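# Descriptive analysis of the structure
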Amino acid sequence: MKVTFPHMGNLWIALKALFEKLGHEVITPPPITKKTIDLGVRYSPEFACLPLKVNVGNFIEGLENGADTVIMMGGSGPCRFGYYGQVEREILNDLGYSFNIIIVDPPEGDWKNFLRTLGPLGNNCNWKEVVNALLLAWSKIKALDHIHRAFLKSQHYESSTACSCYEDIIKKIDIAMDRKELRKITLQGAGELMLLTETEHVEQIKIGIVGEVFMMWEPYVNLDLEKTLGSMGVEVVRSAYISDWINENILYNPSCILRKMRFKRAAKPYLSSFVGGHGWESVGETILFAERKFDGIIHVLPFTCMPEIIAQSILGSVSRDYKIPILTLSLDEHSGQAGFLTRVEAFIDMVREKKRAIV
Amino acid sequence: MGVRVGIPRALLYYDYFLLWSTFLENMGVEVVVSQKTNKKIVNNGIKSAVDDTCLPVKVFLGHVLDLNAKKVDYIFLPRYISVEPRRFMCPKLMGLPDMVKQLLPGIPPTLVVDIDARKNGGDLPVEIFRLGRLFTFNPWKIRLAYKTAIAKQKEFKKRIIQGLTPEQIFLEKNVIQRKNTILEDINRPESNDLKIGLLGHGYNLFDNYINMNIQGKLKEMDVQVLTSKMFKEAEMNSGLKRLQKDIFWTFGRETIGSAFYLLQNKIVHGVILLVSFACGPDSIIMDIVERAYKREGVPCLTLILDEHSGEGGVITRLEAFIEMLKWREQGDESYLSSHGESLDCPESPI
């Protein structure tokens, strides 16, 4: 089987390792570019949100490169994401590709069906091999997130060095096929990045990023928000990582469940029900950031995202009550670099002025 | 004087008004409904909402402001999470009470009831009691009111299938009783009229300001209209068999179920999808329906509604669509493409 999958940040590294360990040929779609988005936009429903269009672009490029099986996540609503796979299958069918699609829907009690869907992915490996492959992928995800955290802590000191250092480590993580080696690379890499933080730095401002996860994790679609901020000398903290999501929703890791309870309690006075996607998280995390005395929040969402529009409607009052500036960036395929930069620069200048006035 | 509770004439008013008004009136409460949607309401809503919000939610905010001006004591804002197992309402309806409270400070206190039927029947009775306790301490009275309300709602569903509009059922005391469902009426072989399906959410189908009175316009053109609310459960389920994965939105299920049922049984000459701009679920559903219709060569028009829609443009598109359907009926069908694909056509049929 020649498998391909959609891009989301650095997730491809873990997926590639997982499927290679299971003995499949992996065709990683080429990195997201203008061409990917153009392809996606041409064939996707007009009002669908940007992630779907990017997925379609990735799949087309993957299939053109020779893949014959597409792997996609499913879901059970109410966010549109749960139905993506179904729509994408129809789009690709109408385009005349011959391929298999494996949509991984949450089992919801129906384990038999769940395992039957995943069956072909197992590739006749025994349980030990499957578990080993999963463990390797999970360690890669954790390593990538750990390195990314270290990178965000260091990039505002010396942005270009940090970026090249980060890219080198990512490459090393991609190559490593052994968990012990992975641990070594992670520790070493984090150490290297931390060295950068020892330079003098005058004035620190801290910005938290919240919002829809695809837009937050995929640098091409958020116009490299984190690095842009880093080059302005701003410290950035991302509110959620892929490993957090897996910890919460698949592994039920107690510390992450606690984290979930914390943001729910914080959001309660403003939003008391879950609204699908990450709308609740966005509100809760914003409040937690505000309580940790962050200087500003940037909220990113794909245009027409339902859960995040609710969050956006509510963040106005959060901003007022906690006296914290919030910039909402609603992005789609038409977002232009220049307009985006102007807005982010103006926001950062405003946050700086505000901080100076207080100190 | 009794307590005055306001119900906004927007969003799920067109589906559940009778349930709540019956319940509240039986609790001895005076139910106040906001005016019909008008320019002022829409403008007020647009001003208070976040830009990206869809039109129906903006209109809803306008209606809440209208109730505020009517000096009601409470505003009734149920939180519809799910009304049937394994299916959801739109995320915006889940967050609506919180959204309204944050966007419109200074409105009267809100009565929020959580409706979540994901787990076997859900705790609706519990929530109903929580609501009823505000007005009476007599649990039997609440129970009775609840039972009456549920019965009325069932009656409402039956009437809607017969082809009446919600407003007719809510406001006119003695509506015409019909024997057949509208589908049976339309399906009689002797009727030669053009039949089309008008599919969409209740608030787009029946709010004549938002949809620019599309049902009236179609009637003037002598077209028989079937809306997506006029189908029985069994009919929708038979349509849904085409899907590989169960759809997890209640309204999406209605639209897709009715669209596919119409397609399978070849009941109508074409369908119109009525969609609000930036509607999340419909962006997906629209695509599924359009694709299916395109594959079978049945015409399908998507009308997107937002606050900028001009009436002239809508009329032109409607007329063009209806004319096209008529030509297809009269002449050789293959001369007219259903979806803009070019056909090998030696001379114009007209």
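Residues numbered from 1 in each chain as written. Chains lettered and ligands numbered in written order. Predicted model: local features only at pLDDT ≥ 70, side-chain atom pairs only at ≥ 80, totals over all residues.

### Considerations on the overall build of chain B
Rules: Helix and strand assignments follow DSSP, with helices taken as H or I runs no shorter than four residues and strands as E runs no shorter than two, numbered in order from the N terminus. A residue is called partly exposed when the number of other C-beta atoms within 10 Å of its own lies between 12 and 20, exposed at 12 or fewer, and buried at 20 or more, with C-beta atoms placed from the backbone. Placing C-beta atoms from the backbone, we regard two residues as in contact once those atoms come within 7 Å.
Looking only at helices and strands, one finds 14 helices and ten strands in chain B. Taken across its 350 residues, chain B has 45% of its residues classed as buried. Within chain B, contacts between residues at least 6 apart in sequence are counted, and of these 70% link residues at least 24 apart.

### Considering the domain arrangement of chain B
All names here are of chain B. Under the convention used in this document: An automatic or database domain assignment supplies the residue ranges for each domain. For this scheme, ten residues count as nonpolar: Ala, Val, Leu, Ile, Met, Phe, Trp, Tyr, Cys and Pro. Four count as charged, namely Asp, Glu, Lys and Arg, and the remainder, Gly too, count as polar.
Under the domain assignment, chain B is made up of domain 1 (4-161) and domain 2 (180-335). The C-alpha centroid of domain 2 is placed 27 Å from the C-alpha centroid of domain 1. Contact with domain 1, which involves 23 residues of that partner, is made by 24 residues of domain 2. Elements that contribute at least two residues to the side of domain 1 that touches domain 2 include exactly α1 (13-26), α2 (39-48), α3 (55-69) and α6 (139-161). Sort the elements by how many residues they give to the side of domain 1 that touches domain 2 and α3 lands first, with three residues. Looking at the side of domain 1 that touches domain 2 residue by residue, the class counts come to 15 nonpolar, two polar and six charged.

### Description of the nonpolar core
This is how the line gets drawn: For the purposes of this analysis, a nonpolar core is taken to be any set of buried Ala, Val, Leu, Ile, Met, Phe, Trp, Tyr and Cys residues that are connected through C-beta atoms within 7 Å.
Judged by nonpolar contacts, the single largest core of 194 residues is most densely connected at Val283 and Ile314 of chain A together with Val271, Leu273, Leu274 and Val289 of chain B. A total of ten residues in this core trace back to one element, the largest contributor, which is helix α6 (residues 127-154) of chain A. Ignoring anything within four residues of it in the chain, the contact list for Leu274 of chain B reads Leu198, Leu199, Gly200, Asn204, Leu205, Asn211, Ile214, Leu303 and Leu305 of chain B.

### Remarks on the domain arrangement of chain A
Residues and elements named next belong to chain A. Taken domain by domain, chain A holds domain 1 (2-125), domain 2 (126-200) and domain 3 (202-359). Taken over C-alpha atoms, the centre of domain 2 sits 23 Å from the centre of domain 3. Residue assignment for the side of domain 2 that touches domain 3 shows that the elements contributing at least two residues are α6 and α7 (159-175). If one sorts the elements of the side of domain 2 that touches domain 3 by residue count, α6 sits on top with four residues. The residue makeup of the side of domain 2 that touches domain 3, split by class, is three nonpolar, three polar and two charged.

### Here's the deal with the sheet that holds strand β8 (residues 326-331) of chain A
Residue and element names in this part refer to chain A. Where we set the bar: When DSSP locates at least two bridges between a pair of strands, those strands are taken to pair. To obtain each axis, a line is fitted to C-alpha atoms, and for helices this fit is confined to the stretch in contact; angles are then taken between N-to-C directions over 0 to 180 degrees.
Taken in spatial order, the four strands of this open sheet run β6-β5-β7-β8, and their pairing is parallel. On the outer flanks of this sheet lie β6 (234-238) and β8, each paired with one strand and no other. Averaged over neighbouring strand pairs, the angle between their axes works out to 25 degrees when direction is ignored. Packing against the sheet, helix α13 (residues 279-291) makes contact with β5 (205-211), β7 (296-302) and β8, and its axis sits at approximately 165 degrees to β5.

### Points about the packing of helix α2 (residues 34-43) of chain A against helix α3 (residues 50-64) of chain A
Residues and elements named next belong to chain A. Here is the rule we go by: Oblique is the label for any angle not under 35 degrees, not over 145, and not in the 65 to 115 range, which are roughly parallel, roughly antiparallel and roughly perpendicular in turn.
Where α2 contacts α3, the axes come no closer than 7 Å and their chain directions differ by 110 degrees. With respect to their mutual orientation, α2 and α3 come out roughly perpendicular. Counting all contacts with α2, which are made through Thr36, Ile37, Leu39, Gly40, Val41 and Tyr43, the residues of α3 involved are Lys53, Val54, Val56, Gly57, Asn58, Ile60 and Glu61. In terms of residue class, the contact of α2 with α3 is made up of seven nonpolar, four polar and two charged.

### Details of the interface of chain A and chain B
Listed as interface residues are 34 residues of chain A and, on the opposing side, 28 residues of chain B. Mapped onto the side of chain A that touches chain B, the elements with two or more residues apiece are α4 (81-94) and α14 (306-322) of chain A.

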